[in-house]
Amino acid sequence: MNPNRKPLMAGNWKMYKTAREALAFIEALTPMLKPFHDDEMPDVLLCAPFTALPFMHQALPKAQTDFSLGAQNMEAHDEGAYTGEISARMLKEWDVEFVIIGHSERREYFNETDETVNAKIKAALANHLRPIVCVGESLAQREAGETDAWVEKQVKAAIAGLSPEQLEWLVFAYEPIWAIGTGKVCEADEANRVIGLIRKALNNAHVRILYGGSMKPDNVEGLMAQPEIDGGLVGGASLQPESFFQLIRAAMPVRV
Ligand code: 13P
């Protein structure tokens, strides 16, 4: 954590939770956060499936808890004949603030490339959505010593053509692919080192950069103690209110 950047704890629910299950999650998490004042809290974000977002949007004012909503993907066009896709405009209607772009699962299973990632970032920014841009290397790349060059290439491609002002809207997430869903977390000092490289490539001290990949209640403290790590992008441990609450606690800028 760095006092100059507000920590952000973001859940990426992936393809888990129906709208009803999402509402039950909010109901369970809200009372856990009630005792904390705004200035004690990190930013908290739930990146939910599209079908849950409108219901969550309606439930949040009643819960009186300050979560932000995020989507996990979007299409780069504002509208058109793109069967099955969702645009930034559609997300904005439900006060969605963030959108994950270029998650490794989308790059691997849905053919996302550095070019589509760049196009989606530009479309998100044009619609005042904050992209959470995911980068990270495979196990083979790490073992071949290619991590730094690969991650730097992904970062540079993602931000191609963006102005310094636009960069301020971005969040990055370093998600080593071999750590995602495997229970094998990246060592905290190594995650800190790679995130430092990302920050250097961005040439911007304000952009928040998260760590993602098997972040859990038992390893979050070590990760959050690192000066470059501004929070987490969390899969498995964000699905249960109890474990997500523990991660939020570990990201509180003022410990209570
Ligand atoms: P896990 O926390 O389940 O490893 O997932 C990380 C991730 O992919 C978040 O986007």
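About the criteria used
- Residues numbered from 1 in each chain as written.
- Predicted model: local features only at pLDDT ≥ 70, side-chain atom pairs only at ≥ 80, totals over all residues.
- Heavy atoms only, no water.
- Helix = DSSP H or I, 4+ residues; strand = E, 2+ residues; numbered from the N terminus.
- Rg over C-alpha atoms; globule rule 2.2 N^0.38 Å.
- Buried < 20%, exposed > 50% of the residue type's maximum accessible area, 1.4 Å probe, protein only.
- Contact = heavy atoms within 4.5 Å.
- Pairing = 2+ DSSP bridges.
- Right-handed = clockwise from strand over helix to strand, strands pointing away.
- Near = heavy atom within 4 Å.
- Polar contact = N/O pair within 3.5 Å; in protein donor to acceptor, adjacent residues only side chain to side chain.
- Core = buried A, V, L, I, M, F, W, Y, C linked by side-chain atoms within 4.5 Å.
- Expected span 1.5 Å × (residues − 1).
- Axes fitted to C-alpha atoms, helices over the stretch in contact; angles between N-to-C directions.
- Parallel < 35°, antiparallel > 145°, perpendicular 65-115°, else oblique.
- Left-handed = near helix turned anticlockwise from the far one by under 90°.
- Nonpolar A, V, L, I, M, F, W, Y, C, P; charged D, E, K, R; others polar.

Attention now goes to the overall build of the protein. If you tally the helices and strands in the protein, you get 11 helices and 8 strands. Compactness check: the protein gives a C-alpha radius of gyration of 17 Å against a globular reference of 18 Å for 256 residues, within 12% of the reference. Dimensions of the protein, computed from C-alpha atoms along their principal axes, come out at roughly 45 × 45 × 35 Å. Burial analysis of the protein (256 residues in total) assigns 54% to the buried set. Look at the contacts in the protein between residues 6 or more apart in sequence, and 74% of them connect residues 24 or more apart.

Of the two faces of strand β7 (residues 208-211), the one lined by R208 and L210 and the one lined by I209 and Y211 are each fully buried. As paired elements, strand β6 (residues 171-174) and β7 share 4 bridges and run parallel to each other. Its bridge partner lying in β7, F172 is registered against I209. The parallel pair β6 and β7 is bridged by helix α9 (residues 188-202), and the resulting crossover is right-handed.

The local shell around the ligand holds 13 residues, among which K14, H103, G181, S214 and G236 are the closest. At a separation of 2.8 Å, an oxygen atom of the ligand approaches a polar side-chain atom of K14. G235 is positioned with one of its backbone polar atoms (N or O) 2.9 Å from an oxygen atom of the ligand.

Glancing now at the side chain of S68. Along the polypeptide, S68 turns up in strand β3 (residues 67-71). Using a relative accessible area of 13% as the deciding quantity, one classes S68 as buried. Only 3.1 Å separates the side chain of S68 from the side chain of E97, close enough to count as a polar contact. Setting aside anything within four residues of it in sequence, one finds S68 in contact with V44, L45, L46, E97 and F98.

Ranked by internal contacts, the top residues of the largest apolar core, which has 72 residues, are M9, F172, I198 and Y211. By size, the runner-up hydrophobic cluster in this structure holds 12 residues, among which are L8, L45, C134 and L210.

Of the two faces of β6, the one carrying V171 and A173 and the one carrying F172 and Y174 are both buried. Bridge count between strand β5 (residues 130-135) and β6: 4 bridges; the pairing is parallel. Bridge pairing links V135 to Y174 in β6.

For helix α1 (residues 19-33), with 15 residues, the first-to-last C-alpha span of 21 Å sits near the 21 Å given by 1.5 Å per residue. Buried residues belonging to α1 abut β2 (43-47), α2 (53-63), β3 and α11 (241-250).

Before going further, it helps to examine the packing of α1 against α11. Direction vectors running N to C along α1 and α11 enclose 40 degrees, while the axes themselves pass 9 Å from each other. Relative to α11, α1 is oriented oblique. Here α1 and α11 pass one another in a crossing that is right-handed. The segment α1 lies against α11, with F25, A28, L29, M32 and L33 engaging P241, E242, F244, F245 and I248. Its residues placed into classes, the contact of α1 with α11 shows 9 nonpolar, no polar and 1 charged.

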